[in-house]
Amino acid sequence: MELPSRPRGDQLVKPGECLDIRQRLRRLTAGRDLSAAVVCAFDRRTRILPFFYSCIRMAPAGTRAIAAALVDSGIARTRAVLLQWSPHFLPSRMALDGRMPDLLCVSSMQIHSAPCKRLIRDACRIDPASRPLVLAGGPLVIYEPWAVFGADPDDPWGADAAVTGEEYVLLELLEVLLTEQAKGESLRAAFLRARDRGLLDRVPGLVFRAPGGGAGELVDTGIQRLVDDLDELPHPALGYQVLEPPSRRKTLASRPLDPGRVRRYSPISSLVFTSGCKFSCPYCPIPAYNQRLYRAKSAERIADEMTRLNEQYGLRYFFGTDDNFFNDKARARDIVETLARAEVGGRPLRHRVRWGTEATVHDTLQMREHLPTVRKAGAMALWLGVEDMTATFIKKGQSVDKTTEVFRLLRQQGIVAVPMLMHHDGQPFLTRTSQYGLLNQVRLLRKVGAIDVQVLSLTPAVGSRTYEQAFSSGLIIRSAAGKTVQPYMLDGNYIVASKDAKPWLMQLRVAAALAYFYNPLRMLASLIRPKSSRYLIDFCLQFTGMWGLSRTLPKMAGWTLRLMLGKVTRQARPPGPQLALRGVGGGPPCHGVGPAGTALACPRG
Ligand code: B12
Ligand code: SF4
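The rules behind each value
Residues numbered from 1 in each chain as written. Chains lettered and ligands numbered in written order. Predicted model: local features only at pLDDT ≥ 70, side-chain atom pairs only at ≥ 80, totals over all residues. Heavy atoms only, no water. Pairing = 2+ DSSP bridges. Helix = DSSP H or I, 4+ residues; strand = E, 2+ residues; numbered from the N terminus. Contact = heavy atoms within 4.5 Å. Axes fitted to C-alpha atoms, helices over the stretch in contact; angles between N-to-C directions. Near = heavy atom within 4 Å. Nonpolar A, V, L, I, M, F, W, Y, C, P; charged D, E, K, R; others polar. Buried < 20%, exposed > 50% of the residue type's maximum accessible area, 1.4 Å probe, protein only. Lys, Arg positive; Asp, Glu negative; His and termini not counted. Salt bridge = Lys/Arg side-chain N within 4 Å of Asp/Glu carboxyl O. Polar contact = N/O pair within 3.5 Å; in protein donor to acceptor, adjacent residues only side chain to side chain. Core = buried A, V, L, I, M, F, W, Y, C linked by side-chain atoms within 4.5 Å. Phe/Tyr/Trp six-rings, centres within 6.5 Å; stacked < 30°, edge-to-face > 60°. Lys NZ or Arg CZ within 6 Å of the ring centre and 35° of its normal.

## Some points on the sheet that holds strand S19 (residues 483–484)
Thought 1: Within the open sheet, the 3 strands sit side by side as S19-S18-S20. Their pairing is antiparallel. Of all strands in the sheet, those bounded by a partner on one side alone are S19 and strand S20 (568–570).
Thought 2: Pairing of strand S18 (residues 477–480) with S19 involves 2 bridges; the strand directions are antiparallel. Each residue of the ladder has a partner; that of Ala-480, found in S19, is Lys-483.
Thought 3: Lying over the sheet, helix H20 (residues 537–565) contacts S18, S19 and S20, oriented at roughly 90° with respect to S18.

Here it is as structure tokens:
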């Protein structure tokens with residue numbers, strides 16, 4: 001089920017408030033000697049194609065954003081730890097300047113929920129007298145906040161609160177806590193007191209254990225208000241200045257990563273340009289998460305972020321975290337025209353930096369006459385949500401002709417186009433009379449210039465319109481040959497949603513399509529007749545694709561065998577809260593599912 005929206009007129013934070021609250025917080029934090037650790041959960045089993053490289057070499061924007069918000073609010077002693085780089089880190093062993101931080105923030109996606117829970121469990125081992133306030137956030141808890149609270153009364157682990165929104169929710173919570181905090185009192189003690197007095201009920205975007213309810217009940221304060229003008233967000237440069245250096249230690253280093261070494265570990269920098277999408281694909285949670293709004297940074301701010309990050313950290317490659325960058329043609333034009341004019345040290349910005357982002361085929365075609373400006377703005381790659389070129393599976397303005405046309409246009413401009421395909425039930429491997437077959441599409445896309453590709457299988461996304469129905473209709477696989485599907489397997493690489501009597505065949509099709517695209521013959525051919533305008537790019541992508549494939553195929557093979565040889569069981573209901581969830585004042589909560597998969601009538605949305 002999709003997340004509900006707040007009522008119209010109450011969806012947004014007041015203009016300027018996201019700046020003002022940080023100013024107020026700077027006054028509140030002054031002289032309090034607070035410190036914080038922000039940890040990004042990462043399950044190493046997910047380091048396979050197509051994100052083999054980017055999931056490690058792009059310090060995640062969410063963790064950096066939370067760290068930046070804390071630094072900008074006066075908590076300069078903040079450290080951003082990535083399990084990608086520090087896999088053995090343990091909260092119970094952390095210390096900043098010799099003492100346990102006051103605040104531990106854990107950020108996680110759904111597929112990283114195993115290490116996320118491990119981090120929180122470990123934090124719960126810290127003596128309550130010195131335990132930091134433990135907050136969890138990110139896409140996992142935005143949709144499934146109950147996942148970070150243990151349900152066993154004999155093993156009451158859990159975060160103190162799940163933050164089901166963005167930076168502003170955290171800042172609002174901190175303001176309440178710092179206003180309440182007595183001299184010498186820990187932040188966690190202030191939290192428990194504020195919660196028991198009902199002061200947190202007016203901060204939308206939180207889920208925490210009900211006061212006095214023991215381990216049994218959670219309170220949901222509703223859907224967050226969104227910051228509309230993304231220029232009000234803290235500058236991303238602040239997040240980079242507090243990164244923990246990579247190590248195999250359980251503890252924290254005495255100093256953050258040297259600015260001169262940031263680029264080595266994170267050569268690609270993800271930056272928020274825009275957020276939201278006007279389409280409404282039934283399998284996608286993004287429009288509802290954004291409350292059907294579209295938000296953006298100004299072109300000047302984007303240019304400033306790239307420039308500052310280039311100057312301070314030498315970063316040259318940026319990835320926009322856009323859901324659909326060309327969603328609003330006027331805004332997209334403004335951004336690219338400004339970036340095309342921007343200069344650093346008398347030289348065009350595009351000579352210093354390059355960027356890529358995600359867009360739809362439909363909107364890229366709408367921008368056709370502006371694509372030269374897009375290129376001049378420094379764009380080097382576009383990831384296109386093609387899903388199925390023939391639009392048999394989903395219609396979002398694409399077709400075989402439009403997709404090939406977009407590839408042709410982008411290639412003409414020297415922009416690399418990466419198709420994102422979604423293999424689904426009913427799609428054959430090869431078709432004779434149409435381009436519906438998976439291999440037909442991969443072959444055609446290669447022919448028209450694709451030098452990289454993503455072939456994932458349909459995996460129902462929590463928070464999407466069709467999520468619950470996918471379970472009730474018998475699509476979802478619970479286990480195969482005794483192995484239960486675990487969160488790390490929900491990355492689109494494993495067939496976990498299929499009504500096909502032979503789901504292993506689908507798994508083989510995905511593997512074969514990838515092996516068709518990345519293979520030694522094609523790598524050699526890319527040296528003779530590269531598909532890219534820059535000579536070695538095609539070769540390099542073939543090389544990394546094959547490297548990633550060597551890690552991906554064994555994992556796929558194991559699952560294929562289980563699907564083929566073992567018993568496949570189905571799951572009829574999505575994993576929901578194991579604890580009772582209620583809204584503020586006893587009303588219905590905003591997270592979770594209503595009876596028979598209906599929308600929740602939460603009081604604030
Ligand atoms: C960039 C991106 C990637 C990059 C990530 C690279 C990296 N290391 O950063 C790549 C391409 C590798 C990637 C891969 C995948 N991705 Co992705 N990705 C995104 C995307 C487009 C942007 C993420 C981002 O940086 N956003 C900007 C930051 C600022 O937002 P944020 O991370 O949500 O953080 C904010 C809040 O969540 C909150 N917050 C976050 N953490 C915390 C912690 C605390 C304590 C608090 C208080 C708040 C808080 O505050 C932050 C600031 O506003 C999002 C969609 C989106 N627009 O967000 C999908 C998204 C994160 N991806 C998603 C998925 C599913 C995947 C894949 C599994 C592939 C797939 N099948 O689609 C893989 C997994 C790869 C892996 N092994 O990790 C889903 C996650 C769904 C879920 N429930 O977990 C998302 C949300 C898209 C969607 N379907 O809605 N992805
Ligand atoms: S076009 Fe992409 S981002 Fe937009 S709703 Fe569809 S899948 Fe989601």
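After that view of the structure, there is still more to cover.
## Considerations on the site of ligand 2
Thought 1: In the vicinity of ligand 2, the residues found are Cys-277, Phe-279, Cys-281, Tyr-283, Cys-284, Pro-287, Asp-323, Thr-360 and Lys-396.
Thought 2: When the residues that make up the shell around ligand 2 are grouped by side-chain class, the tally is 6 nonpolar, 1 polar and 2 charged.

## Topic: the side chain of Arg-47
Thought 1: Along the polypeptide, Arg-47 turns up in the loop between strand S1 (35–40) and helix H2 (54–57).
Thought 2: One buried charged side chain, Arg-47, makes no salt bridge at all; its nearest oppositely charged neighbour is Asp-491, positioned 11 Å away.
Thought 3: Polar contacts involving the side chain of Arg-47 include one to the main-chain carbonyl oxygen of Phe-52, which spans 3.0 Å.
Thought 4: Apart from residues lying up to four places away in sequence, Arg-47 is in contact with Phe-42, Phe-52, Cys-55, Ile-56 and Arg-551.

## Here's the deal with the site of ligand 1
Thought 1: Around ligand 1, a shell composed of 37 residues is seen, among which Ser-107, Gln-110, His-112, Glu-167 and Asp-323 lie nearest.
Thought 2: Within the side chain of Ser-107, an N or O atom sits 2.7 Å from a nitrogen atom of ligand 1.
Thought 3: Here an oxygen atom of ligand 1 sits 2.9 Å away from a polar atom, N or O, in the side chain of His-112.
Thought 4: Secondary structure elements with two or more residues in the shell around ligand 1: H2, helix H3 (61–72), strand S3 (103–107), strand S4 (133–137) and helix H5 (139–143).
Thought 5: Considered class by class, the residues forming the shell around ligand 1 number 23 nonpolar, 10 polar and 4 charged.

## Concerning the pattern of salt bridges
Thought 1: Enumeration according to the criterion identifies 33 salt bridges in this entry.
Thought 2: Between Arg-77 and Asp-33 there is a salt bridge whose closest N-O contact spans 2.3 Å. With Arg-77 in strand S2 (residues 77–82) and Asp-33 in the loop between helix H1 (17–29) and S1, this residue pair connects regions lying 44 residues apart in the sequence.
Thought 3: What makes Asp-33 partly exposed here is its relative accessible area of 48%.
Thought 4: We note a salt bridge from Asp-363 to Lys-278, for which the minimum N-O separation is 2.7 Å. With Asp-363 in helix H13 (residues 361–366) and Lys-278 in the loop between strand S9 (274–275) and helix H10 (286–289), the pair connects residues that are 85 residues apart, well separated along the chain.
Thought 5: When its relative accessible area of 2% is taken as the criterion, Asp-363 is described as buried.
Thought 6: Accessibility expressed as a relative area gives 45% for Lys-278, which makes it partly exposed.

## Re the nonpolar core
Thought 1: Ranked by size, the top nonpolar core spans 127 residues in total, and within it Leu-70, Met-306 and Trp-355 carry the most contacts.
Thought 2: Among the elements that line this core, the one with the most residues is helix H6 (residues 167–180), at 9 residues.
Thought 3: Membership of the second largest hydrophobic core comes to 36 residues, among which are Phe-42, Val-141, Ala-162 and Leu-252.

## So, the packing of aromatic side chains
Thought 1: Counted under the stated rule, the structure contains 13 aromatic pairs.
Thought 2: Seen from their ring centres, Tyr-283 and Phe-393 are 5.7 Å apart, and the 10° between their planes marks the pair as stacked. Highlighted residues: Tyr-283 in the loop between S9 and H10 and Phe-393 in the loop between strand S15 (379–387) and helix H15 (400–412), separated in sequence by 110 residues.
Thought 3: Taking the relative accessible area as the measure of exposure, Tyr-283 reaches 14% and is therefore buried.
Thought 4: Considering the side-chain rings of Phe-325 and Trp-355, the 5.5 Å spacing of their centres and the 70° angle between planes classify their relative orientation as edge-to-face. One end of the pair, Phe-325, is in the loop between strand S11 (317–320) and helix H12 (329–341); the other, Trp-355, is in strand S14 (residues 354–359), with 30 residues separating them in the sequence. This pair shows no difference in class: Phe-325 is buried, exactly as Trp-355 is.
Thought 5: Every member of this aromatic cluster is reached through a ring pair, and the members are Phe-273, Phe-325, Phe-326 and Trp-355.
Thought 6: A cation over an aromatic ring shows up here: Arg-45 above the ring of Tyr-488, its NZ or CZ 3.9 Å from the ring centre.
Thought 7: One cation-aromatic arrangement involves Arg-522 over Tyr-516; the distance from NZ or CZ to the ring centre is 4.7 Å.

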